[in-house]
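Architecture and fold: a report
Below are the chains, spelled out letter by letter.
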Amino acid sequence: MPPKIRELMAELSRAGFVDRGGKGSHRNYVHPTVAKPITLSGKPGDDAKRYQVRAVQQAIKEAKS
């Protein structure tokens, strides 16, 4: 079962990303050491798509290095 959008949001927050808002159901997370922002779309209770999970994991990995 895929994680929920709210779980990805929590992971990004724990990794030091900041939610700079967005339009509608979109949220943009930025980090000082990561080049491009991460955009999550969907309601917090929705299941995350595979590409969203991969993007979050990759961004957290990039932030740590």
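Residues numbered from 1 in each chain as written. Predicted model: local features only at pLDDT ≥ 70, side-chain atom pairs only at ≥ 80, totals over all residues. Heavy atoms only, no water.

**Description of the packing of helix α1 (residues 5–14) against helix α2 (residues 50–64)**
One can describe the packing of α1 onto α2 by two numbers: an axis separation of 10 Å at closest approach and a directional angle of 10 degrees. When the interaxial angle is binned, α1 and α2 end up roughly parallel. Residues Ile5, Leu8, Glu11 and Leu12 of α1 touch α2, and the partners they reach there are Gln52, Val53, Val56 and Ile60. (Axes fitted to C-alpha atoms, helices over the stretch in contact; angles between N-to-C directions. Helix = DSSP H or I, 4+ residues; strand = E, 2+ residues; numbered from the N terminus. Parallel < 35°, antiparallel > 145°, perpendicular 65-115°, else oblique. Contact = heavy atoms within 4.5 Å.)

**Description of the side chain of Asn28**
Within the element layout of this structure, Asn28 appears in strand β2 (residues 26–30). For Asn28, the side chain forms a polar contact with the side chain of Thr39, separated by 2.7 Å. Residue contacts for Asn28: discarding those within four places in its chain leaves Val18, Asp19, Arg20, Gly21, Gly22, Ile38 and Thr39. (Polar contact = N/O pair within 3.5 Å; in protein donor to acceptor, adjacent residues only side chain to side chain.)

**With respect to the nonpolar core**
Ranked by size, the top nonpolar core spans 15 residues in total, and within it Leu8, Leu12, Phe17, Tyr29, Ile38, Leu40 and Val56 carry the most contacts. Where this core is concerned, the elements lending two or more residues are α1, β3 (38–41) and α2. Looking at this core element by element, the count peaks at 5 residues for α2. When near neighbours in sequence (up to four residues on either side) are disregarded, Leu12 contacts Phe17, Tyr29, Ile38, Leu40, Val56 and Ile60. (Core = buried A, V, L, I, M, F, W, Y, C linked by side-chain atoms within 4.5 Å. Buried < 20%, exposed > 50% of the residue type's maximum accessible area, 1.4 Å probe, protein only.)

**A few points about the sheet that holds strand β1 (residues 18–19)**
As summarised here, the arrangement of the 3 strands in space is β1-β2-β3, forming an open sheet in which the pairing is antiparallel. In the strand order of this sheet, the two ends are held by β1 and β3, each with one partner. Across 4 bridges, β2 lies against β3 in antiparallel orientation. In the strand pairing of β3, Asn28 is matched with Thr39. (Pairing = 2+ DSSP bridges.)

**Digging into α2**
Between its first and last C-alpha, α2 extends 21 Å over 15 residues, near the 21 Å set by a 1.5 Å rise per residue. Every buried residue of α2 is listed here: Gln52, Val53, Val56, Ala59, Ile60 and Ala63. Angularly, the buried residues of α2 cover 135 degrees about the axis, an arc narrow enough to put them on a single face. Those residues of α2 that are exposed and aimed more than 90 degrees away from the buried face are Arg50, Tyr51, Arg54, Gln58 and Lys61. (Expected span 1.5 Å × (residues − 1). Arc of directions from axis to C-beta.)

Keep in mind these numbers describe shape, not what the thing actually does.
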